[in-house]
Amino acid sequence: LLGYIGIDTIIEQMRKKTMKTGFDFNIMVVGHSGLGKSTLVNTLFKSQVSRRSAGWARDEKIPKTIEIKAVSHVLEEGGVKMKLTVVDTPGFGDQINNDNCWEPISKYINEQYEKFLKEEVNITRKKRIPDTRVHCCLYFISPTGHSLRQLDVEFMKRLSHSVNIIPVIAKSDTMTIEERQEFKQRVRKELEMGGIEFYPQKEFDEDMEDKSDNDKIREAMPFAVVGSDKEYQVNGKRVLGRKTAWGIVEVENPNHCEFALLRDFLIRSHLQDLKEVTHNIHYETYRAKRLNENGG
Ligand code: GDP
Ligand code: MG
């Protein structure tokens, strides 16, 4: 008769390790200027941070983003620390000539892989390599109600092989419910026709359970988001929202927009998978290419 071995304590062991070391999670936002990228970055932090910690600068006007800039905050919950970094990028495709406008973004992504690689091959390798690799890239689609722009397709197509792309529909409070549903459907179709592999990629579903979970998510994408870093009082509760002449759009209310869906998807259900796909697929592709260059 077999006694208790204790294999199941692995979960507890992993928990302890993570509690000690914490972990990095890095999100990048990309898209045309004015689509609310910087605002959404603040929304993400505020919805995660501010309810607990005070001292957040209020009513600061968000300046126009002019360079790629990473902002980090360490969030802690139940003794587990996450260093959440959001990489904000300047308006993409704002120029008259947009040839190669994805290059600075692509360069940034590769530079983080290179940094990680350098640390990995270092003789006196750090016990834990700081991870600045971009785990997901939120691509902001303009809420035109028409089609994706050629540039959107081009960017996502190029970058989808080096980073997890998650398309989102920006400023979705500017569309009616029907327009939103129709636009989402159209964008999904165009992504498919364009052969764009956004995250969660079908080919990486590991089993039937994964597939059925991810199918539901893929059918709900791209998430139609609204961003705001202002708080209002609604039914005695402080909520993040946008005040309009006809009422308050509550950013975290699932009846108003899909920001909460996106956040839960990123942080609560797919964070570990985003990190694994980044490491095992995207980084591995980069690494293999680099080592080939050197060896050959
Ligand atoms: P970025 O250039 O993409 O970083 O865009 P910003 O975050 O700087 O926002 C540009 C403008 O759009 C600002 O006036 C924001 O207040 C506004 N804005 C941001 N998010 C939303 C949104 O979800 N809905 C609406 N209607 N306006 C938004
Ligand atoms: Mg900006």
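Above: the structure in question.
Remember, it's a predicted structure, so these values are computed and weren't measured experimentally.

Participant: What exactly am I supposed to notice about helix H4 (residues 150-159) here?
Facilitator: The periodicity of an α-helix, 3.6 residues per turn, causes residues three or four places apart in sequence to face the same way. Looking only at H4, the buried set comprises Leu151, Asp152, Val153, Phe155, Met156 and Leu159. Buried-residue contacts for H4 involve strand S1 (23-30), helix H3 (103-121), strand S4 (136-141), strand S5 (165-169) and helix H5 (177-193).

Participant: Which parts of the structure should I look at to understand the sheet that holds S4?
Facilitator: Each strand in a sheet pairs with another by means of backbone hydrogen bonds, the pair being arranged parallel or else antiparallel. Strand order across the open sheet formed by six strands is S2-S3-S1-S4-S5-S6, with mixed pairing between neighbours. The open sheet has two free edges, formed respectively by strand S2 (69-77) and strand S6 (223-224), since each of these has just one partner strand. Along the sheet, H5 makes contact with S4, S5 and S6, crossing S5 at roughly 150 degrees.

Participant: In this structure, what is going on with the environment of threonine 278? I would like to understand it.
Facilitator: Looking at where threonine 278 falls in the secondary structure, it is placed in helix H8 (residues 271-295). Along the sequence, threonine 278 and lysine 243 sit 35 residues apart, while their C-alpha atoms lie 38 Å from each other. When neighbours within four sequence positions are excluded, threonine 278 is seen to be in contact with Tyr113, Arg133, Val134, His135, Asn164 and Tyr283.

Participant: Got a minute to help me understand a negative patch on the surface in this structure?
Facilitator: A grouping of Glu206, Asp207, Glu209, Asp213 and Glu276 is seen on the molecular surface, where their side chains present a negatively charged patch. Within the secondary structure layout, glutamate 206 lies in the loop between H5 and helix H6 (208-220).

Participant: Sorry, what's going on with the packing of aromatic side chains here?
Facilitator: Remark: the centre distance and the inter-plane angle together describe each pair of aromatic rings, the angle taken between the planes. Following the criterion strictly, the structure yields six aromatic pairs and no others. Between phenylalanine 116 and tyrosine 283 the ring centres are 5.2 Å apart and the planes differ by 80 degrees, which places this aromatic pair in the edge-to-face class. Of this pair, phenylalanine 116 sits in helix H3 while tyrosine 283 is found in helix H8, placing the two residues 167 residues apart along the sequence. In this pair, the class of phenylalanine 116 matches that of tyrosine 283, namely buried. Note on tyrosine 199 and phenylalanine 265: the rings are 5.9 Å apart at their centroids and 40 degrees apart in plane angle, and the pair reads as tilted.

Participant: Where do I start with the environment of asparagine 26 in this structure?
Facilitator: Its place among the elements puts asparagine 26 in strand S1. A residue is classified by how much of its surface remains accessible, and asparagine 26, at 3% relative accessible area, is buried. The sequence separation of asparagine 26 and histidine 161 amounts to 135 residues, and the corresponding C-alpha distance is 17 Å. A distance of 2.8 Å separates the side chain of asparagine 26 from the backbone oxygen of aspartate 131, its partner in a polar contact.

Rules used throughout
- Residues numbered from 1 in each chain as written.
- Chains lettered and ligands numbered in written order.
- Predicted model: local features only at pLDDT ≥ 70, side-chain atom pairs only at ≥ 80, totals over all residues.
- Heavy atoms only, no water.
- Buried < 20%, exposed > 50% of the residue type's maximum accessible area, 1.4 Å probe, protein only.
- Helix = DSSP H or I, 4+ residues; strand = E, 2+ residues; numbered from the N terminus.
- Contact = heavy atoms within 4.5 Å.
- Pairing = 2+ DSSP bridges.
- Axes fitted to C-alpha atoms, helices over the stretch in contact; angles between N-to-C directions.
- Patch = residues over 30% accessible without salt bridge, like charges linked within 9 Å, V, L, I, M, F, W, Y side chains within 5 Å.
- Areas by Shrake-Rupley, 256 points an atom, 1.4 Å probe, with all protein chains shown as cover.
- Salt bridge = Lys/Arg side-chain N within 4 Å of Asp/Glu carboxyl O.
- Lys, Arg positive; Asp, Glu negative; His and termini not counted.
- Charge placed at Lys NZ, Arg CZ, Asp CG, Glu CD.
- Phe/Tyr/Trp six-rings, centres within 6.5 Å; stacked < 30°, edge-to-face > 60°.
- Polar contact = N/O pair within 3.5 Å; in protein donor to acceptor, adjacent residues only side chain to side chain.

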